[in-house]
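# Structural overview for review
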Amino acid sequence: MRLATFNLLHGRSLTDGLVDPDRLTAAVQTLDADILALQEVDRDQSRSGNLDLTAIAARALDAPEHRFAAAVVGTPGEQFRPLRHDDDGHGEPCYGVGLVSRHPVRSWQVTRLRPAPVRSPIYVPGPRGGLILLRDEPRVVLAAILDTPHGPLTVAATHLSFVPGWNAHQLRRVVRALRTLPAPRILLGDLNLPAGAARLLSGWRPLGRRPTYPAAAPRVQLDHILADRHGLDRLPPVTAVGTPLSTISDHRPLVVDLG
């Protein structure tokens, strides 16, 4: 069973700045994941051709199960609003996370995470960059209970806040939410935390330790696949870990093979 998590940067290539559905398809096909968590995912955004990026990823993997969970309605960095309920925002541009599975899904669960209550100083590189005060966005956790050859498995995708301290608070909230679902449990996503902090704050075991950001020459691991120690013995052992360079995004995907 192959697990992967990938911050898509809404499918954009750093080479030409474009979002090409064929290039996205090829990038996802290369991962050949049985379970794929996606972050920075667009649906109906003009910047990404009004595409449904989660659906494209599912078709690329020939995966029968997929779902997109919007964190906001609107465009991050421009104008957006939180979702009022899970089916809000249809017909409007949305942004959030996705989860794709080749295994059947018994049920889905969405958990919403509040943004940091104050604007936070963030350094933006580039000639027009510098230290700016940025408003945090709401976040979302998308979990699924799967039927796999190894038995029931809970998997979840998320993308936590960039605000130091607040992302730690969110991670503890995520762990509490997932503990209500059956073990074994695996969390996949961009946690905006380095590996040591993610392990200590969650108490969960990292299944892969590799730097994932920035893509060209990774120095830090922001993207993680963590397994709850409760029920971990029911999963096959890790046999391979990779962070292949992709044609899209400023992150590298993290790929873990079990068994």
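In this report, we go over the structure that sits alongside the text. (Residues numbered from 1 in each chain as written. Predicted model: local features only at pLDDT ≥ 70, side-chain atom pairs only at ≥ 80, totals over all residues. Heavy atoms only, no water.)

There is a patch of like positive charges on the surface, built from Arg199, Arg205, Arg209 and Arg229. On the secondary structure map, Arg199 appears in helix α4 (residues 195-202). (Patch = residues over 30% accessible without salt bridge, like charges linked within 9 Å, V, L, I, M, F, W, Y side chains within 5 Å. Areas by Shrake-Rupley, 256 points an atom, 1.4 Å probe, with all protein chains shown as cover. Salt bridge = Lys/Arg side-chain N within 4 Å of Asp/Glu carboxyl O. Lys, Arg positive; Asp, Glu negative; His and termini not counted. Charge placed at Lys NZ, Arg CZ, Asp CG, Glu CD. Helix = DSSP H or I, 4+ residues; strand = E, 2+ residues; numbered from the N terminus.)

Moving on, we get to empty space enclosed by the protein. On inspection of all chains with the given rule, the structure shows 1 cavity of 30 Å³ or more. Approximately 60 Å³ is the volume found for the largest cavity. Around the largest cavity, the lining residues are Ala71, Tyr95, Gly96, Val97, Glu137, Pro138, Arg139, Val140 and His159. Counting residues per element, the lining of the largest cavity draws most heavily on strand β5 (residues 94-101), which supplies 3 residues. The residue inventory of the lining of the largest cavity, partitioned by class, reads 5 nonpolar, 2 polar and 2 charged. (1 Å grid on protein atoms, 1.4 Å probe; cavity = no way out; pocket = protein on both sides within 12 Å on 5 of 7 lines; lining within 4 Å. Points joined across faces, edges and corners; volume = space filled by probe spheres on them. Nonpolar A, V, L, I, M, F, W, Y, C, P; charged D, E, K, R; others polar.)

Before going further, it helps to spend a moment on the side chain of Asp190. Here Asp190 is to be found in strand β11 (residues 185-190). Buried charge Asp190 goes without a salt bridge, the closest partner of opposite sign being Arg139 at 6.8 Å. Within the local environment of Asp190, its side chain forms a polar contact with the backbone nitrogen of Asn192, the two atoms lying 3.0 Å apart. When near neighbours in sequence (up to four residues on either side) are disregarded, Asp190 contacts Thr5, Asn7, Gln39, Thr158, His159, Leu160, Leu222, Asp223 and His251. (Buried < 20%, exposed > 50% of the residue type's maximum accessible area, 1.4 Å probe, protein only. Polar contact = N/O pair within 3.5 Å; in protein donor to acceptor, adjacent residues only side chain to side chain. Contact = heavy atoms within 4.5 Å.)

Our focus in this paragraph is the nonpolar core. Leu3, Ile35, Leu99, Val155, Ile186, Leu207 and Ile225 are the most contacted members of the largest nonpolar core, which has 29 residues in total. Elements represented by at least two residues in this core include exactly β2 (35-43), β3 (65-74), β5, β9 (139-148), β10 (151-159), β11, β13 (223-227) and β15 (254-258). Looking at which element gives the most residues to this core, the answer is β9, with 4 residues. If you look at the next biggest cluster of nonpolar residues, it comprises 26 residues, including Phe6, Leu8, Leu38 and Phe68. (Core = buried A, V, L, I, M, F, W, Y, C linked by side-chain atoms within 4.5 Å.)

The terminal C-alpha atoms of helix α3 (residues 166-178), which comprises 13 residues, lie 18 Å apart, in line with the 18 Å expected from a rise of 1.5 Å per residue. For α3, the complete set of buried residues consists of Trp166, Asn167, Ala168, Gln170, Leu171, Val174, Val175, Ala177 and Leu178. In this structure, the buried residues of α3 make contact with β6 (105-113), β9, β10, β11 and α4. (Expected span 1.5 Å × (residues − 1).)

The mixed open sheet is built from 7 strands, whose spatial order is β4-β3-β5-β2-β1-β15-β14. Pairing within the sheet leaves two strands with one partner each, and these edge strands are β4 (80-82) and β14 (238-242). For this sheet the average axis-to-axis angle between neighbouring strands, irrespective of direction, equals 25°. Relative to β15, strand β1 (residues 2-7) is paired through 4 bridges, and the arrangement is antiparallel. If you follow Arg2 over to β15, its bridge partner there is Asp257. Against the sheet, helix α2 (residues 53-60) makes contact with β2, β3 and β5, and its axis sits at roughly 145° relative to β2, the strand it touches most. (Pairing = 2+ DSSP bridges. Axes fitted to C-alpha atoms, helices over the stretch in contact; angles between N-to-C directions.)

Where helix α1 (residues 21-31) meets α2, the axes come as close as 8 Å, and the angle between the chain directions of the two elements is 50°. Classified by the interaxial angle, the pair formed by α1 and α2 is oblique. Judged by the twist between their axes, the crossing of α1 over α2 is right-handed. Facing α1, whose interface residues are Pro21, Leu24, Thr25, Val28 and Gln29, α2 presents Leu53, Ile56, Ala57 and Ala60. (Parallel < 35°, antiparallel > 145°, perpendicular 65-115°, else oblique. Left-handed = near helix turned anticlockwise from the far one by under 90°.)

Turning our attention to the environment of Leu99. In this fold, Leu99 is placed in strand β5. On the accessibility criterion, Leu99 (2% relative accessible area) is buried. Taking the C-alpha atoms as reference, Leu99 lies 5.6 Å from Arg67; in sequence the two are 32 residues apart.

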